[in-house]
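Letter by letter, the chains look like this.
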Amino acid sequence: MTFLRLFLPGLLLLTACQSKPEAPAETAAAPATPARPDEISLSPEQARAAGISIGGFAWRNMTTAVQANGTIDVPPQNRVDISAVLGGYVQTVQILPGQRVPKGATVAILRHPDYLKLQQDYLQSRARVAFLRQELDRQQTLDAEDVGAKRKLQQAQADYATEQAAQRSLAAQVQMLGLSVARLNSGYISPTVALKTPLGGYVTAVNMNPGQYVNPQDVLVEILDRSDLHLELKVFERDIARVKVGQRILFTIPNRQTGEEMVARVFLVGRAFSPEARTVSVHAHLEPNREDLIPGQYVRGSIQTEGSRQRTLPEDAIIQAGDISYVFAQTSATGQPAFHRYKVKTGPSEDGTVAITLLEPVPDTLRMVQHGAYFLQAELTKGSGEGE
């Protein structure tokens, strides 16, 4: 009996010790899944540490943008191609590509026997006009005395008028060559012709050299006046109705490392479509004019069109997630702060604020999270795999 009294308590104690490790298994159960997966609660300490701030929607007149590509250009009247009026040989070239030339400057000297022949024809015609003027005076005198025949007077009048027309035509041709009719009348015949520019600007191309024969259809010199640089953008058919004269354009030149954003303003909207690309040309003046831009440079522009009043939130309040984004609203401020996540679609942004379109009805008085939305998103999706 004494042995049993000692053995039974020891056996009970041993059995109790062996069963103790099984107790923690009751606490290993997984936490319950939240009833509403778009809601989250924080402790006041978490809310303060996350820097969460609350506010309402801001209604702003947000502009929308039309994206368009194009080039730096100049008006047609600011670009000139210089050719010879009559073919000839290049005697000297007096310019270089890139050189700045004033209006009326000589760019080349040409020579050819035809230049001499034209001046000779003019002087001979001028002499014949003087002779026929005298002959007409004689016939008028004889007719007044009723001595000469009427036919001779009429012939003299016709010959004089015909030769006058020929002289005027030859004088105009001489002037087109750039020669002075007044100097020619004084007896000076020039063996050469100076090729001059009708426009001041920068020489962009020189397509001749001394000794070369040039034809009237050859473009010898190209000159560009940069004083009126502007943008020429190509806007697609679907967007052209939103573009108006006076709208502001923000544009960049992709090939420039600075990435500087420049400004222009629409002054002309085309009224015809390009049949291939279905685009319309839109022209805009630079504000201000730039000396560091080159005609022909490729640009990307954003035309700021008329906007409408829209709900906006700060950029920090929006969780970007592709086409659908999220915002948070405070649903409870007492005890543990509670928040609900809403789906939205973002619109244009301006000065750190973004226009949003709510994809479910909510009141405008809803208290929205202004800062700290990314902390709420991280806590809400922790362990769920969302956003990974």
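Residues numbered from 1 in each chain as written. Predicted model: local features only at pLDDT ≥ 70, side-chain atom pairs only at ≥ 80, totals over all residues. Heavy atoms only, no water.

- The protein goes by Efflux RND transporter periplasmic adaptor subunit in an unreviewed UniProt entry, where it is assigned to Hymenobacter duratus.
- You can read under Sequence similarities (unreviewed entry) in the UniProt record for the protein the words "Belongs to the membrane fusion protein (MFP) (TC 8.A.1) family." (UniProt positions renumbered as here; feature names shortened; annotations may be inferred.)

## A closer look at helix 6 (residues 373-381)
Next up, step 1: Every buried residue belonging to helix 6 is among Ala 373, Leu 376, Gln 377, Leu 380 and Thr 381, and all of these are buried. With its buried residues spanning 115° around the axis, helix 6 presents them on a single face.
Next up, step 2: Taken together, the buried residues of helix 6 touch strand 1 (39-41), strand 17 (325-332), strand 18 (338-350) and strand 20 (368-371). (Buried < 20%, exposed > 50% of the residue type's maximum accessible area, 1.4 Å probe, protein only. Helix = DSSP H or I, 4+ residues; strand = E, 2+ residues; numbered from the N terminus. Arc of directions from axis to C-beta. Contact = heavy atoms within 4.5 Å.)

## A closer look at the nonpolar core
Next up, step 1: Counting residues in each nonpolar core, the largest one holds 29 residues, and the members touching the most others are Leu 110, Tyr 122, Val 174, Leu 195, Leu 220, Val 221 and Ile 223.
Next up, step 2: With near-sequence residues (within four places) excluded, Ile 223 lies in contact with Asn 78, Arg 79, Val 80, Ile 82, Val 101, Thr 197, Leu 199, Gly 200, Gly 201, Tyr 202, Val 203 and Thr 204.
Next up, step 3: One finds Ile 72, Val 74, Val 243 and Ala 264 within the second-largest nonpolar core, a separate group that totals 25 residues. (Core = buried A, V, L, I, M, F, W, Y, C linked by side-chain atoms within 4.5 Å.)

## Description of the layout of surface pockets
Next up, step 1: As a volume, the second largest pocket reaches approximately 160 Å³.
Next up, step 2: Along the wall of the second largest pocket there are 14 residues; nearest its centre are Met 176, Leu 177, Ala 194, Leu 195 and Lys 196.
Next up, step 3: Top element by residues in the lining of the second largest pocket is strand 8 (residues 192-196). It accounts for four residues.
Next up, step 4: Among the residues making up the lining of the second largest pocket, the classes are represented as eleven nonpolar, two polar and one charged. (1 Å grid on protein atoms, 1.4 Å probe; cavity = no way out; pocket = protein on both sides within 12 Å on 5 of 7 lines; lining within 4 Å. Points joined across faces, edges and corners; volume = space filled by probe spheres on them. Nonpolar A, V, L, I, M, F, W, Y, C, P; charged D, E, K, R; others polar.)

## Quick look at the pattern of salt bridges
Next up, step 1: For the structure shown, the criterion picks out 16 salt bridges.
Next up, step 2: Here Arg 133 ties to Asp 137 by a salt bridge, and the two come within 2.7 Å at their closest N and O atoms. Taken together, the residues span about one helical turn, with Arg 133 and Asp 137 both in helix 3 (residues 113-144) at a distance of four residues.
Next up, step 3: The partly exposed category is assigned to Arg 133, whose relative accessible area is 29%.
Next up, step 4: In this structure Asp 137 comes out as partly exposed when scored by relative accessible area, which is 35%.
Next up, step 5: A salt bridge links Arg 278 to Glu 237, with the shortest nitrogen-to-oxygen separation between them at 3.2 Å. Of this pair, Arg 278 sits in the loop between strand 14 (262-269) and strand 15 (279-286) while Glu 237 sits in the loop between strand 12 (230-236) and strand 13 (248-252); the two residues are 41 residues apart in sequence, bridging distant segments of the chain.
Next up, step 6: Residues joined by salt bridges that share partners form a network here, namely Arg 238, Asp 239 and Arg 242. (Salt bridge = Lys/Arg side-chain N within 4 Å of Asp/Glu carboxyl O.)

## Considerations on the sheet that holds strand 10 (residues 213-214)
Next up, step 1: Pairing in this open sheet of four strands is antiparallel, and the strands run 8-7-5-10 from one edge to the other. Since the sheet does not close on itself, it has two edges, and those belong to strand 8 and strand 10, each with one partner.
Next up, step 2: Pairing analysis gives two bridges linking strand 5 (residues 88-93) to strand 10, with the strands arranged antiparallel. When the sheet's bridge partners are listed, Gly 88 is paired in strand 10 with Val 214. (Pairing = 2+ DSSP bridges.)

## Brief notes about the confidence of the model for the protein
Next up, step 1: Across the protein, the average pLDDT comes to 84, with 88% of residues at 70 or higher.
Next up, step 2: Low confidence marks residues 1-34, where pLDDT is under 50. Its contacts with residues over four positions away, or in another chain, come to one contact. (pLDDT = per-residue confidence, 0-100.)

## Some thoughts on the environment of Leu 136
Next up, step 1: Mapping Leu 136 onto the fold places it in helix 3.
Next up, step 2: Residue Leu 136 is classed as buried on the basis of its relative accessible area of 6%.
Next up, step 3: Sequence-wise, Leu 136 and Gln 155 are 19 residues apart; in three dimensions their C-alpha atoms are separated by 8.8 Å.
Next up, step 4: Not counting chain neighbours up to four residues away, the residues in contact with Leu 136 comprise Leu 153, Ala 156, Gln 157 and Tyr 160.

## Considerations on the sheet that holds strand 9 (residues 201-206)
Next up, step 1: Taken in spatial order, the four strands line up as 4-11-9-6 in an open sheet, and their pairing is antiparallel. The sheet is open, and its two borders are formed by strand 4 (79-82) and strand 6 (100-101), each paired with just one other strand.
Next up, step 2: Here strand 9 pairs with strand 11 (residues 221-224) via four bridges, running antiparallel. Of the residues in strand 11, the one forming a bridge with Val 206 is Val 221.

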